[in-house]
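Residues per chain, in single letters:
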Amino acid sequence: MSSQRKNSISKNAFHLFYSTVFSSGLNAVTLVILANYLDSRSYGLFSVALAYALIMGYLTDAGINVVVLREGAKAGAHLPAIMSSFVKVRLVLLIITFIGGFCLVQWLYEGQPELMETIYYLMFPMVTGLALQSISITYFQLIEEMHYLGIIRICSAVFLIAAVFIGLLFSLSPLFICLLYGSAYLLAGGIGFYLAAKRTAIRLRSSFHKGLLKNLLSFTVSGLLIVVLPQLGPIVLEKTLTFKQVGFFAVAYRIPSALYQVPGVLAGAFYPALFKSYHNHGLAGHLRLNILQLKLMALAGMAMTVPLYYLPDMIIRSLFGSEWLFASGALQILSFLLVLQSVNVALADGLTTKDLQSRRTAVQALALIGGIGFYIGFSRQYGVEGAAFAGIAVEIVSLAGLWLFNPSRKTLAVKGLLPYLVCFFFLFAVLAHFFSGSPIVAASLHLLCLLIMAAVDPDVIGRLMNRTKQPAVREGKDETFY
């Protein structure tokens, strides 16, 4: 890699934060507009189509983006050769994905022409756009210049809401709104690819970088599971619930999914630094950084969980209207996704970045198998709220597996997991009991307690204060957070 100075994690996190907040806000507005424009059945169809498009978007990657980050982090790596090989692989995977996706949809939904059309109108432009965005995002993540990720995300969100507004303005059918929705991703992907191509030479005739094939299968399977797990609900529930019920679940599920983008900022900023910390500072330096990531992501996820749990009716009514209040019970349950996913991603990244990807893959496979059973059994028995419990059960299985499979599980538990999670759920039990009739008061007190937790943790507050006094990153030392 180039020896030029890269952004620090704090600077990258800042760029990711403001762009994520802005883009997530616009995406949330788009979600609200669509939910109000489409009826619950049409929104259910859209949710199933979106799940397939997101999964297929990953299949154009097949986990190779993580391999690119690994290869690019090595000393003396030649980025133009790596990126050129990356683009060639993505082009082949895009073609294979479209052929396979078309055959799969024809086979699964032969008797449901409306659903098939919805998937096709959304799938082709959106999957192509996701592939282009992923190429550029991987490059800028590799060179640790996250402000370009911010540009791509903001463009995608702006185009998305503009496309939906155009659809509403001309009273287009749900099918054409799906086409515009996917085209917004395609346009943003084109801009992202252009920005990356300006910074590095991409030559399709150059020799292939064989290092991209090393341990690729493990990353491919793991990455596929990462994408499938969040989309498992709509795909499975389409078989056990009505499309109207799937629509209610999708509305409840997408609120915490959208909010997760905020703690996800930290994961994106820490990921390349964890790779480099392991290669340059060994297990001790890597573990310190991973514990800090775990604490910060847990705090962010907890802060997001609190208002969703205590105020689900108010949130649903304010965003979607009273006709969607049936989804508030599921939203209250699914609010815990935020804290569980935040912790799980930190644990999973800790495994991946110290060459234990196969363990992460095994846990995700177990969670997927269990998730299919959870969604089928719980939704048939308890409907939409049962589906919400299934989503939580999947994350609990993942948490247990990711922790047990980590060689540093004792240190992670003592220094991060147990004190934070026990304190968090203890506060829920106490505040829910004494302030059950005053949810706003309970939420305010809970957030205040989280702030105190962060303030009294010497690792978190001490690291933050120390690094604000010493903003420079010193060469050769494990000062990788700021």
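Residues numbered from 1 in each chain as written. Predicted model: local features only at pLDDT ≥ 70, side-chain atom pairs only at ≥ 80, totals over all residues. Heavy atoms only, no water.

Visitor: Break down the environment of Phe336 for me, with residues and values.
Guide: For Phe336, the location among the structural elements is in helix α13 (residues 336-352). Of the residues examined, Phe336 reaches a relative accessible area of 17% and is grouped as buried. Along the primary structure Phe336 and Leu308 are separated by 28 residues, whereas in three dimensions their C-alpha atoms are 8.7 Å apart. Each residue touching Phe336, except ones within four places of it in the same chain, is listed here: Thr305, Tyr309, Ile392, Phe425 and Phe428. (Helix = DSSP H or I, 4+ residues; strand = E, 2+ residues; numbered from the N terminus. Buried < 20%, exposed > 50% of the residue type's maximum accessible area, 1.4 Å probe, protein only. Contact = heavy atoms within 4.5 Å.)

Visitor: An account of the state of the cysteines is needed here, citing residue identities and associated values.
Guide: Think of a disulfide as a covalent bridge from one cysteine sulfur atom to another cysteine sulfur atom. A complete count under the given rule lists 0 disulfides for this structure. This cysteine, Cys423, is not joined by any disulfide, and Cys449 carries the nearest cysteine sulfur, 7.3 Å off. On the basis of relative accessible area, Cys423 is assigned to the partly exposed category, the value being 27%. (Disulfide = S-S within 2.5 Å.)

Visitor: Hey, could you go over the packing of aromatic side chains for me, with residue numbers and the actual values?
Guide: Taken as a whole, this structure holds 26 aromatic pairs when the rule is applied. Arranged with centres 6.1 Å apart and planes meeting at 80°, the rings of Tyr43 and Trp324 form a pair that is edge-to-face. Residue Tyr43 is located in helix α2 (residues 40-59), and its partner Trp324 is located in the loop between α11 (312-320) and α12 (328-334); the two are separated by 281 residues in the primary sequence. The buried category is assigned to Trp324, whose relative accessible area is 3%. (Phe/Tyr/Trp six-rings, centres within 6.5 Å; stacked < 30°, edge-to-face > 60°.)

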